[in-house]
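Chain residues, written in single-letter form:
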Amino acid sequence: MTQTLTKAARFADLLDKSRATLANEPAWLAERRARAAESFAELGLPTTRHEDWRYTSLARLEDAELVPAADNAKASPATLALAEYAGLDAVLLVFVDGHYRAEYSRAAALPAGVVLKSLAAAIRDGSPLVAEKLGRLTKPERHSFTALAEATFRDGFLLHVPDGVEVATPIHVAFLSSDTAAGVAASARNLIVLGAGAQATLIETHAGLGAGLHLKNVVTEIRAAVGARLDRIVLQRESPEAVHVSTTHVYQERESLVRSHTIDLGGALVRHNLVGDLDGEACEAIFNGLYVLRGTQSVDNFMWVEHRKENIPSHELYKGVLADKASAVFTGRIYVHPEAQKTDAKQTNQNLLLSDSARANARPQLEIYADDVKCTHGATIGQLDAAAQFYLESRGIDPRTARNMLVKAFANDIVERLEVEPVREAVEALLDQRLAEMS
Amino acid sequence: MTTATKTIEELAEQKYKYGFYTDIEADKAPPGLNEEIIAFISHKKGEPDWLLEWRLKAYRHWLTMEEPKWPKVQYEPVDYQKISYYSAPKKKGDGPQSLDEVDPKLLETYAKLGIPLNEQKILAGVVAVDAVFDSVSVATTFKDKLKEMGVIFCSFSEAVKEHPELVRQYLGSVVPPTDNYFAALNSAVFTDGSFVFVPKGVRCPMELSTYFRINEMNTGQFERTLIVAEEGAYVSYLEGCTAPMRDENQLHAAVVELVALERGTIKYSTVQNWYPGDEEGRGGIFNFVTKRGICKGDDSKISWTQVETGSAITWKYPSVILRGDRSVGEFYSVAVTNNRQQADTGTKMIHIGKDTRSNIVSKGISAGRSNNSYRGLVQVNKGATNARNYTQCDSMLIGNRCGAHTFPYIDVRNDTGRVEHEATTTKIGEDQIFYLQTRGLSEEDAVSMIVNGFCREVLAELPMEFAVEAQKLLGISLEGSVG
């Protein structure tokens, strides 16, 4: 008991230290932060006794003494280079340890009415949109990391695309960790609001180079109104000791389309919570992911997709390659409400184990209350096809190259779906690099 | 008559057939659970001291445990102090020595249930039956014939008396008394059940069968079944269950342990038809059962087949621990829920030995306002080289007020393992029904044909007599759900 108390005390300490308010912080936010702090104190960090966290232990976080991030940490040129994709012509917003840094960011002309800015700035300017929409989808009273983010966030970004506006230029938001991020806890909150028929392409990069354990905790809310379309790519390449937790809520109205692809290559311990609330007829959600891990890296994808209305297709494809002692967890729940007839939901998790110390857990789950539905889920855990490997070797290809070819072919299912070419090329290069690192 | 030729209307009229109550004077323990009651049960059964100690240890552990909340089922909390933990039909004298001495009323009951205790009536002598009424085993047929081959098939109480060394060796070796809440409760208060021991190299010549019936009010049934197949032995075992219709819920918390040694094979089939409660969900049996087998020796095999149509709540996960190299675990299940029934069932396959294989086929059918969940675990341990699993879970929904859920857990820690899981959820296809109708079948026949086809892979695993019964049960359970 003493131990838990100490751990709780540590986080209370973090909360206290982090509870400086934003400039011009409105009363509703202050109130909400206070409630979230209470919730966090009550919930604590989840343990493996919690069903949703069964296979991912946060012990390393409990033992860490974290402090809030400074707002002026320096990002080295090497770190800043992580926010660049060769040939990508995009608007760039850079955050370092959770704080917006105008000096590292790069503006570009966006269509009239489109808002892309720091959330702290939007709050300071009294944005009615933020007041109305922020926190509408999240549940800090139930989720520790959402509570932690709500209580302590300093910044994040706001993207608002008004009705009927198409943003052709990709929007790139990079959350970098400074080289001195060790021991730092940084939370961010993002709000993405697409009006009716609005379209945007969003790239989120989470990266860092600094040594030492640090926590990055990001909560994102995405709202897609009638007929809106969002293409989102998340590339996570945090530094080797980083703990990265993301919680993303997607709310979709009629005929909207959200495509989200998450690529995980970095971090020591990564957890993605993705909640899809499909609340409009004939909207469509595509949530895909790829993780290629080595060493003792571990990635936990937890998703919950609710079909509330008729005629909604949702597709989830998560593929993973695990070498050394890497481990991966996939939990996916498709929840079909009684009204959601003609649902077409498909959920697949495939893991490739390259070492006998790697470990994969899969929990693809269906919860269905409507009868006229087509729901399938599948999970496979296995290794490379020995016959394919042999075939390539018999054609004079050395075993390692053959293996890498097969792994790339496996990963390509996801990679080829990345629609922003410079990002896709960067991911391909990073994959080659990762494969070269794998023994 | 098979279901395919029955119309749904007929089926709809068919209520729970086995809901009668037999008025027999019962020797019943007062309601309540404490160490005295456990000592009373143990004394009643003339048990040795070690077994009483074992029970008490389980009871003391149970007191420290909490009732599990994770299954996807909802029910009013069970008052464990209101249950009578021992009920036996009153014996005349020292109990029946042969079938002739069994209370004729009991025989009548079993005849109504269609359990032919009377040996001549048994289907050409292919099935040996052990019948358990409330808490005690009433009669076991064909015992002598089995004895000649060295097969022991008797009630658990008898086994404790006559083969204490075997019971002591294997009891709790697969499901330890501390395993889970209901297993601990069972270990403390279990009353009877069946014991099967098939010695080395013997292929049991007939299907062994136990019929369980809960008769008395306010009783629970806590049976314990232990089956051991020695090296190279084979046994196929069937279990069937019914209970009278009552407004209150009754608890059934059984433990089944299977042990297969080298090259041993155990096939365990269940047709579970406990009273499911009425349309509004009043009454019915809470079926909280722990079933687990261990493939202890190399090349051994354990196969579970279950047809679950009854019970208000079913909560069970027949599992196999694949310890021996090249051992095989199988699980075939059909679970049908209607009205307000809730089922949370599935299996666990734990791969420990090398080259182990497991196969899971689960078919869930939900109708009415019921909820039907598959929950299963496939675990491949680090040393389980070349383990292979294939899982298929299909759900069918009839009506839009029911739920079908799938919660598989897959845990692989070895890179040579191959684990596949597939699940689908569909409704009965209108085009399929239409197609059959164009061929002259009525809608009702079409539906039952499709449902039977949907379950065929599983029903094919059942011994013939049971397959026929199971097909009928499928029809009865779905009564009134189509239209």
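What you see is a predicted model, and the numbers here were worked out from it, not measured in a lab.

> Can you explain the overall build of chain B? Please cite residues and give values.
A count of helices and strands for chain B gives twelve helices and 24 strands. Burial status across chain B gives 57% buried among its 483 residues.

> Tell me about the overall build of chain A, residues and numbers included.
Across its full length, chain A carries ten helices and 20 strands. Taken against the 2.2 N^0.38 rule, which gives 22 Å for 439 residues, the C-alpha radius of gyration of chain A at 21 Å falls within 12% of a compact globule. With the principal axes as the frame, chain A shows a C-alpha extent of 70 × 50 × 50 Å. Split into buried and exposed, the 439 residues of chain A put 54% on the buried side. For chain A, long-range pairs separated by at least 24 residues make up 85% of all intrachain contacts whose partners lie at least 6 apart in sequence.

> So what about the nonpolar core? Which residues, and what values?
In this structure, Leu176, Leu194, Leu322 and Val336 of chain A together with Val196 and Val235 of chain B are the most contacted members of the largest nonpolar core, which totals 250 residues. Of all the elements, strand β7 (residues 184-194) of chain A adds the most residues to this core, at eight residues. Three or more residues apiece are contributed to this core by two domains, here domain 1 (9-278) and domain 2 (385-439) of chain A. Once you skip the residues sitting within four places of it in the chain, Leu322 of chain A turns out to touch Leu293, Ser327, Ala328, Asn351, Leu352, Leu353, Leu354, Ala358 and Ala360 of chain A.

> Give me the pairing of strand β17 (residues 328-337) of chain B: which residues, what numbers.
Residues and elements named next belong to chain B. Along β17, nine of the ten residues are buried, which leaves the element largely enclosed by surrounding structure. Pairing geometry for strand β14 (residues 301-308) and β17, over eight bridges, is parallel. Bridging across to β17, Val307 finds its partner in Val334.

> I'd love a proper account of the packing of helix α9 (residues 399-415) of chain A against helix α10 (residues 421-437) of chain A, names of residues and values included.
Residue and element names in this part refer to chain A. Interaxial distance between α9 and α10 falls to 11 Å at its minimum, and their mutual angle equals 150°. When the interaxial angle is binned, α9 and α10 end up roughly antiparallel. For the pair α9 and α10, the sense of crossing is right-handed. Note on element contacts: α10 touches α9 through Arg424, Val427, Glu428, Leu431 and Leu435, opposite Asn404, Val407, Lys408, Ala411 and Val415. Looking at the contact of α9 with α10 residue by residue, the class counts come to six nonpolar, one polar and three charged.

> Please set out the interface of chain B and chain A residue by residue, giving values where relevant.
Interfaces are frequently sized by the accessible area removed from exposure as the parts join. On the side of chain A, 32 residues touch chain B, which itself brings 32 residues to the contact. For the side of chain B that touches chain A, the secondary-structure elements that each account for two or more residues are β23 (403-412) and β24 (418-427) of chain B. Residue classes in the side of chain B that touches chain A are distributed as eleven nonpolar, twelve polar and nine charged. Of the pairings in the sheet, the one linking strand β19 (residues 359-368) of chain A to β23 of chain B comprises six bridges and is antiparallel in character. Each bridged residue has a counterpart across the sheet, and for Asn361 of chain A the counterpart in β23 of chain B is Asp411 of chain B.

> Outline the domain arrangement of chain A, supporting the account with residue identities and numerical values.
Residue and element names in this part refer to chain A. Annotation of chain A at the domain level lists domain 1 (9-278) and domain 2 (385-439). Here domain 1 and domain 2 have C-alpha centroids that lie 31 Å from each other. Listed per partner, the contact involves 13 residues of domain 1 and eleven residues of domain 2. Among the secondary structure elements, those contributing two or more residues to the side of domain 1 that touches domain 2 are β8 (199-208), β10 (229-237) and β12 (257-264). Here the side of domain 1 that touches domain 2 takes three residues from β10, the largest share from any one element. Residue classes in the side of domain 1 that touches domain 2 are distributed as nine nonpolar, three polar and one charged.

> So what's going on with the pairing of strand β20 (residues 357-366) of chain B? Which residues, and what values?
Residue and element names in this part refer to chain B. Among the ten residues of β20, seven are classified as buried, and the element is accordingly described as predominantly covered. Inspection of the sheet shows β17 paired to β20 by ten bridges, in the parallel sense. Its bridge partner being in β20, Val336 is matched across the sheet by Ile365. For β20 and strand β22 (residues 388-397), the ladder comprises ten bridges, and the chain directions are parallel. In the sheet register, Ser366 faces β22, and the bridge partner there is Leu397.

> I'd like a rundown of unusual backbone geometry, residues and numbers included.
Residues and elements named next belong to chain B. Its identity is not glycine, yet Arg263 carries a phi of approximately 60°, on the positive side. Tracing the backbone shows Arg263 in the loop between β11 (255-260) and β12 (265-272). Taking the C-beta count within 10 Å as the criterion, Arg263 has 21 such neighbours and is therefore assigned buried. Even without being glycine, Asp299 reaches a positive phi, approximately 60°. Relative to the helices and strands, Asp299 resides in the loop between β13 (284-295) and β14.

Cut-offs applied
Residues numbered from 1 in each chain as written. Chains lettered and ligands numbered in written order. Predicted model: local features only at pLDDT ≥ 70, side-chain atom pairs only at ≥ 80, totals over all residues. Helix = DSSP H or I, 4+ residues; strand = E, 2+ residues; numbered from the N terminus. Buried ≥ 20, exposed ≤ 12 C-beta atoms within 10 Å, placed from the backbone. Rg over C-alpha atoms; globule rule 2.2 N^0.38 Å. Contact = placed C-beta atoms within 7 Å. Core = buried A, V, L, I, M, F, W, Y, C linked by C-beta atoms within 7 Å. Domains from an automatic or database assignment. Pairing = 2+ DSSP bridges. Axes fitted to C-alpha atoms, helices over the stretch in contact; angles between N-to-C directions. Parallel < 35°, antiparallel > 145°, perpendicular 65-115°, else oblique. Left-handed = near helix turned anticlockwise from the far one by under 90°. Nonpolar A, V, L, I, M, F, W, Y, C, P; charged D, E, K, R; others polar.

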